[in-house]
Amino acid sequence: MKLMIPLTRLNEGDGATIARLDGGGQFQRKLRTSGIREGKTITILTKQPFNGPIVVEIDGRETTIGRGMAQRIIVDVS
Amino acid sequence: MKKIIVLMGNPNVGKSVVFSRLTGAKVITSNYPGTTVDYCQGCLRLDRKKYDIIDAPGAYSLEPTNRAEEVAVEMLEKADVVLNVLDATNLERNLFMALELLERNIPMVVALNIWDETKHIGIDIDVKKLEKLLNVPVIPTVALTGQGIKGLVENISAAETRDVVEPTSEEEKWSKIGRIIKEVQRVKHRHHTLKDRISDATIKPVTGIPIAFFVIFLAFWFVRFIGEGLINFAFNPIFEAYRPLAMDLSQSLGGAGTLHNILIGELIGGEIDFVESLGVLTTGLYVPFGMVLPYIIGFYLMLSLLEDTGYLPRLATLSDTIFHKLGMHGHGIIPIFLGMGCNVPGTLATRTLETRKQRFIAATLLAVSVPCMAQIAMIFGILGPHGIGYIFIVFLTLFFVYIGTGLILNRFVKGESPEIFMEIPPYRRPSLITILKKTWMRIKWFLSEAIPYLFLGVLLVNILYAIGFFDLMGNLFAPVMEGLLGLPGEAAPSLMVGFVRKDLAVGMLLPLGMSAAQLTVTAVVLTMYFPCVATFVVMMKELGYRDMIKAALVMVCAVLFVGSIMRLILLGV
């Protein structure tokens, strides 16, 4: 069974597989071209307090993503 | 016809280093994405053929999402040959733009840059196979050391159009990338290194925020250390050696008269005072070289060091929460850092922000409340004798002005404030030679920028003074100065001069005999009211005249408001 949740629901240190990017073409392209793509394993490095950005790691690369954008990255935790 | 080579690639892949290797040109590079916000043009001579080389700003794809990317795509239109620079340690996502470029059917050569790092982090790439799959020459390079550049040059001159590549959809490109990666790349598992642990500690808020404060404190301590060291051991001795020479000149000019006033200025107690005399050859030389330049050197050394280690993107991440409330995002800290050296490069750096709203807020706040090195020198110059407490009040006020004005602008400026989305590059050990070179280039830039304005400034002061313009202005603005700000009307002319060069105002303010509290208000007002004319021109270009008028209005309102509040608190009247 698949369990889909937004990236923001993961805790620090958690990993999951990216399932879906909810957003327009430009949003999807922006994420994909910077390495955030469906099927990739994503790990939460840290969540900055007060709804600050989330820092994730994919393929050994770190990226800072705002909460709103992270909300639209749907991951599979099953 | 000269052929045009355009360098294309993702941000932070070392394109600018490749460019400087090819052209011998000196360009500024850093370990944070988006340093090149404008294109650079150079020349390459090869087998008696000449090429123009353009270094386009970094872009993730050919569908632009910000101004820098738009410039990159515009540049591509001119290309006879494309040199696509890829980050070998990050091949997969770099390939997207490579495939997009191939579909443009322009002769192309690929540079697989940062090749040396692949071995360190356990990535193995089959270059021959990649070359076959892409059907263009692929050359591993290490631009920093120059490895592979020769091969690159040979391939550029031989580059030709191959079989026509048909356009494909985004989906198709990604699946093609998946196939290519599977065939050419092997990644070995890697252990957590010390570097990773440092990286983690500096980006997690619990440890990262204290570290950030410590780093900033250290940075400014370093600037002061270098600056004061240079003043005490280099610049002051030079000026003391120069003093008798200037005195001789003063005497041969008869100690007074128009020419004497312009060149030497006024003698104070029969002696030249380098700060207050206000002559082209006294104050005009001393303020920029003896007071500002030493700190500029220290500042740019520190900035280059911070940039090249890769710390700034971490600072941007940690401060994003605050900047987001001000309508920008973490990237907004980059213009501030650059702006503390000089507001002109700071204003240019606002281009890395995505929307008009963000750029407007960043540029306006920069102009209103981020003092450049000349302004900082001015603040220290007039308040230094009264103690560090007053200087602290000035910086604290400017900090609150930045936050306050930002909160207000975020509410009232229309437009989008997209969130932060930024790659965090790995820490790199900065190379001493690169840092020194970069510092030297920035200082040279500052000097070529500063010298014309400085002479113009001093000349203007002396002429306006001679024709009585300042008295007129003093009278005209006396109601604002005295009534609203509680300052003597005579301080008004220094504000005019401040428009040309803020640091020159020091010499004009000191003789007025204002109290420490009055000087504190003056320092804040002088920092806030308008940026210098050079910044003004750049802002006009970046924002357009309509937004510039709005920004100027914000500046005037802010300075009058803050000035009168400070007057109430500090002067108690």
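The structure under discussion appears in the preceding block.
These numbers come from a predicted model, not from an experiment. (Residues numbered from 1 in each chain as written. Chains lettered and ligands numbered in written order. Predicted model: local features only at pLDDT ≥ 70, side-chain atom pairs only at ≥ 80, totals over all residues. Heavy atoms only, no water.)

Asker: Got a minute to help me understand the overall build of chain B in this structure?
Answerer: Across its full length, chain B carries 24 helices and nine strands. Over its C-alpha atoms chain B spans a radius of gyration of 27 Å, differing by no more than 12% from the 25 Å that the globule rule assigns to 573 residues. C-alpha extents for chain B along the principal axes are approximately 80 × 55 × 45 Å. Within chain B, the fraction of its 573 residues that count as buried is 57%. Long-range contacts, defined here as pairs at least 24 residues apart, represent 74% of the contacts in chain B between residues at least 6 apart. Of the roughly 24,900 Å² of accessible surface on chain B, a fraction of 64% belongs to carbon and sulfur atoms. When the 51 positive and 50 negative side-chain charges of chain B are each reduced to one mean point, those points stand 4 Å apart. (Helix = DSSP H or I, 4+ residues; strand = E, 2+ residues; numbered from the N terminus. Rg over C-alpha atoms; globule rule 2.2 N^0.38 Å. Buried < 20%, exposed > 50% of the residue type's maximum accessible area, 1.4 Å probe, protein only. Contact = heavy atoms within 4.5 Å. Areas by Shrake-Rupley, 256 points an atom, 1.4 Å probe, with all protein chains shown as cover. Lys, Arg positive; Asp, Glu negative; His and termini not counted. Charge placed at Lys NZ, Arg CZ, Asp CG, Glu CD.)

Asker: Explain the pattern of salt bridges to me, please; I cannot follow it from the model alone.
Answerer: Note that side chains of opposite charge can pair when their charged atoms are close. Applying the stated criterion across every chain yields a total of 21 salt bridges over all chains. Among the ionic contacts, a cluster of salt bridges with common partners joins Arg29, Arg32 and Glu38 of chain A together with Glu170 and Glu171 of chain B. (Salt bridge = Lys/Arg side-chain N within 4 Å of Asp/Glu carboxyl O.)

Asker: Explain the pairing of strand S1 (residues 3-9) of chain B to me, please; I cannot follow it from the model alone.
Answerer: Consecutive side chains along a regular strand alternate between the two faces of the sheet. Residues and elements named next belong to chain B. With respect to burial, S1 is a largely interior element, six of its seven residues being buried. In this structure, S1 lies alongside strand S4 (residues 81-87), joined through five bridges in parallel fashion. Residue pairing across strands places Gly9 opposite Val85, the latter belonging to S4. (Pairing = 2+ DSSP bridges.)

Asker: Help me out: how do you make sense of the pairing of strand S6 (residues 73-76) of chain A in this one?
Answerer: Residue and element names in this part refer to chain A. Residue alternation in S6 divides its side chains into two sets, Ile73 and Val75 and Ile74 and Asp76, and both sets are buried. When strand S2 (residues 15-21) meets S6, the two strands line up antiparallel, connected through four bridges. Among the inter-strand pairings, Arg20 is bridged to a residue of S6, identified as Ile74.

Asker: Hey, could you run me through the packing of aromatic side chains in this one?
Answerer: One pair of aromatic rings is described through two measures. These are the centre distance and the angle between the planes. Residue and element names in this part refer to chain B. Tallied over the entire structure, the rule returns 13 aromatic pairs over all chains. Between Phe239 and Tyr242 the ring centres are 6.3 Å apart and the planes differ by 90°, which places this aromatic pair in the edge-to-face class. In this pair, Phe239 and Tyr242 both sit in helix H9 (residues 205-252), three residues apart, roughly one turn of the helix. A ring pair is formed by Phe399 and Phe400, whose centres lie 5.7 Å apart and whose planes are at 65°; its orientation type is edge-to-face. (Phe/Tyr/Trp six-rings, centres within 6.5 Å; stacked < 30°, edge-to-face > 60°.)

Asker: Help me understand the state of the cysteines, please; the structure alone is not making it clear to me.
Answerer: Any covalent bond linking the sulfur atoms of two cysteines counts as a disulfide. Residues and elements named next belong to chain B. Evaluation of the coordinates by the stated rule reveals zero disulfides over all chains. Cysteine Cys372 remains unbridged, with the sulfur of Cys342 as its closest cysteine sulfur at 6.2 Å. Cys532 carries a free sulfur, and the closest cysteine sulfur to it, the one in Cys372, is 6.3 Å from it. (Disulfide = S-S within 2.5 Å.)

Asker: Sorry if this is basic, but what is going on with the sheet that holds strand S3 (residues 41-47) of chain A here?
Answerer: Adjacent strands of a sheet form backbone hydrogen bonds with each other and so pair up, either parallel or antiparallel. Taken in spatial order, the seven strands make up an open sheet running S1(A)-S6(A)-S2(A)-S3(A)-S4(A)-S5(A)-S9(B), and their pairing is antiparallel. The open sheet is flanked by strand S1 (4-6) of chain A together with strand S9 (421-424) of chain B, the only strands paired with a single partner. Across the sheet, the mean angle from the axis of one strand to that of its neighbour is 40°, orientation sign disregarded. Here strand S5 (residues 61-65) of chain A pairs with S9 of chain B via four bridges, running antiparallel. Looking across to S9 of chain B, one finds that Thr64 of chain A is bridged to Met422 of chain B. On the sheet, helix H8 (residues 194-203) of chain B packs against S3, strand S4 (54-58) and S5 of chain A together with S9 of chain B and is oriented at approximately 50° with respect to S3 of chain A. (Axes fitted to C-alpha atoms, helices over the stretch in contact; angles between N-to-C directions.)

Asker: Where do I start with a nonpolar patch on the surface in this structure?
Answerer: All names here are of chain B. A surface patch of nonpolar side chains, about 440 Å² in accessible area, is lined by Leu476, Phe477, Val480, Leu484, Val556 and Leu560. For the nonpolar patch, the secondary structure elements donating two or more residues are helix H19 (469-484) and helix H24 (545-571). Take the nonpolar patch: its biggest share by element is four residues, from H19. Inspection of the secondary structure puts Leu484 in helix H19. (Patch = residues over 30% accessible without salt bridge, like charges linked within 9 Å, V, L, I, M, F, W, Y side chains within 5 Å.)

Asker: Looking at this structure, I do not really get the side chain of Thr439 of chain B. What am I missing?
Answerer: Residue and element names in this part refer to chain B. Relative to the assigned elements, Thr439 resides in helix H18 (residues 432-466). Residue class for Thr439 comes out buried when judged on its relative accessible area of 3%. Among the polar contacts made by the side chain of Thr439, one reaches the side chain of Ser304 at a distance of 3.5 Å. Not counting the four nearest positions on each side in its chain, Thr439 is found in contact with Ile297, Tyr300, Leu301 and Ser304. (Polar contact = N/O pair within 3.5 Å; in protein donor to acceptor, adjacent residues only side chain to side chain.)

Asker: How do you make sense of the interface of chain A and chain B when you look at a structure like this?
Answerer: How large an interface is tends to be reported as the accessible area lost when its parts come together. Contact residues are listed per partner, giving 31 residues for chain A and 34 residues for chain B. Our enumeration of links across chain A and chain B arrives at seven salt bridges. Linking Glu170 of chain B and Arg32 of chain A is a salt bridge whose minimum nitrogen-to-oxygen distance equals 3.7 Å. Seen at the junction of chain A and chain B, the total is 16 residue pairs in polar contact (both at pLDDT 80 or more). Mapped by element, the contributors of at least two residues to the side of chain A that touches chain B are helix H1 (25-33), S3, S5 and helix H2 (67-71) of chain A. It is H1 of chain A that contributes the most residues to the side of chain A that touches chain B, six residues altogether.

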